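Results of the structural survey
Chain residues, written in single-letter form:
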Amino acid sequence: MEATPHITVIDDHQEIRELVVRYLGDHGYRVSAAESAAAFRRLLERSAPDLVVLDIMMPGEDGLSLCRYLRATTDLPIIFLTAAAEDTDRIVGLEMGADDYLVKPFNPRELLARIRAVLRRSRAIPAQRRLPQTDTVSFANRTLDVHRREVVGVDGVAVPLSTAEFRLLCVFLERPGLVLTRDELLDLTSGKAGDAFDRSIDNQVSRLRRKIETDPKNPTLISTHWGGGYSFNAKVESP
């Protein structure tokens, strides 16, 4: 039998913390709470939760900074709580790797649904081989410059990647040889539940192929699995 998932709520508003802790506890979760990033770091030294509900605007270290730290050191799923006016922070949070977000004020029932969905996706998606903390990653006689977000070929020409293309390539580089469904790719690149009829991943794959394949019409690096999804076929190396 699986252990009861442990959720940690990080928010400087006591009323919100108590509401969420009580509601999730009533629905069978183990819940802990922290009023600040510093308090959560102390909790993390003792035990890691299965998912973090994280407020963006907090005194001291804010949620974006803590998210950056968690993404660099763990694979913990993260759901942001944001104020309605924090559009930019919300977008930045998703680009940094948050799995979902919810705007305050929120219905606890919706938060519960999002927690269940994120936990379900995180358990279903194949485990990643985290990319090393280096400036470059090599594959198929090409080099990804992580900081510049460019792919450099053997001819020395650098091809810039959009944010979506870079994120998709990183997902493939972290899971070489694995067949990833469209829904899984949507989850991993956008942090939100995928729509079974959403073809945006197909478009992103097509654009990425044009930038990294020798012949995009006959791709060898990214294979299509009809009815399944896509897989990345090259050996991935780092300095």
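Values in this document were obtained by computation on a predicted structure and should not be read as measured data.

Things to note about the pattern of salt bridges
- Applying the stated rule across the entire model yields 12 salt bridges.
- Between Asp 145 and Arg 148 there is a salt bridge; the shortest N-O distance is 4.0 Å.
- Looking at Arg 148, the relative accessible area reads 59%, which means it is exposed.
- We note a salt bridge from Glu 165 to Arg 207, for which the minimum N-O separation is 3.9 Å. Of this pair, Glu 165 sits in helix H6 (residues 163-174) while Arg 207 is found in helix H8 (residues 200-212), placing the two residues 42 residues apart along the sequence.
- Among the charged side chains, a salt-bridge network with shared partners connects Asp 11, Asp 55 and Lys 104.

Re the nonpolar core
- If you look at the biggest cluster of nonpolar residues, it comprises 25 residues, and the most contacted ones within it are Phe 139, Leu 144, Leu 169, Phe 172, Ile 212, Ile 222 and Phe 232.
- Mapped by element, the contributors of at least two residues to this core are strand E6 (136-139), H6, helix H7 (182-190), H8 and strand E11 (229-232).
- For this core, the leading source of residues is H6, giving seven residues.
- In this structure, Ile 10, Cys 67, Leu 94 and Ala 98 belong to the second largest nonpolar core, which totals 19 residues.

Quick look at helix H1 (residues 14-26)
- Its 13 residues place the ends of H1 18 Å apart at the C-alpha level, agreeing with the 18 Å of an ideal helix rising 1.5 Å per residue.
- Ile 16, Arg 17, Val 20 and Leu 24 are the residues of H1 that are buried. Angularly, the buried residues of H1 cover 100° about the axis, an arc narrow enough to put them on a single face. Among the exposed residues of H1, those pointing more than 90 degrees away from its buried face are Glu 15 and Asp 26.
- Looking at the residues trailing H1, positive phi occurs at Gly 28, about 95°.

Quick look at the confidence of the model for the protein
- Looking at the protein, pLDDT values average 84 and 87% of them are 70 or higher.
- Note on residues 192-197: pLDDT under 50 across the span, and 13 contacts to partners over four residues away in sequence or across chains.

Focus: the packing of aromatic side chains
- All told, the structure shown has two aromatic pairs when counted by the stated rule.
- Summarising the aromatic geometry, the rings of Phe 139 and Phe 232 are spaced 5.6 Å apart at their centres and angled 65° between planes, so their arrangement reads as edge-to-face. Note that Phe 139 is positioned in strand E6 and Phe 232 in strand E11, a separation of 93 residues in sequence.
- Plain terms: the ring middles of Phe 172 and Phe 232 are 6.0 Å apart, the flat faces sit at 20° to each other, and that makes the pair stacked.

Comments concerning the sheet that holds strand E12 (residues 236-237)
- Spatially, five strands are ordered E9-E8-E7-E6-E12 in an open sheet, and the strand pairing comes out antiparallel. Edge strands, defined here as strands with exactly one partner in the open sheet, are strand E9 (158-160) and E12.
- The pairing of E6 with E12 spans two bridges and is antiparallel. Bridging across to E12, Phe 139 finds its partner in Val 236.

Cut-off values and rules
Residues numbered from 1 in each chain as written. Predicted model: local features only at pLDDT ≥ 70, side-chain atom pairs only at ≥ 80, totals over all residues. Heavy atoms only, no water. Salt bridge = Lys/Arg side-chain N within 4 Å of Asp/Glu carboxyl O. Buried < 20%, exposed > 50% of the residue type's maximum accessible area, 1.4 Å probe, protein only. Helix = DSSP H or I, 4+ residues; strand = E, 2+ residues; numbered from the N terminus. Core = buried A, V, L, I, M, F, W, Y, C linked by side-chain atoms within 4.5 Å. Expected span 1.5 Å × (residues − 1). Arc of directions from axis to C-beta. pLDDT = per-residue confidence, 0-100. Contact = heavy atoms within 4.5 Å. Phe/Tyr/Trp six-rings, centres within 6.5 Å; stacked < 30°, edge-to-face > 60°. Pairing = 2+ DSSP bridges.

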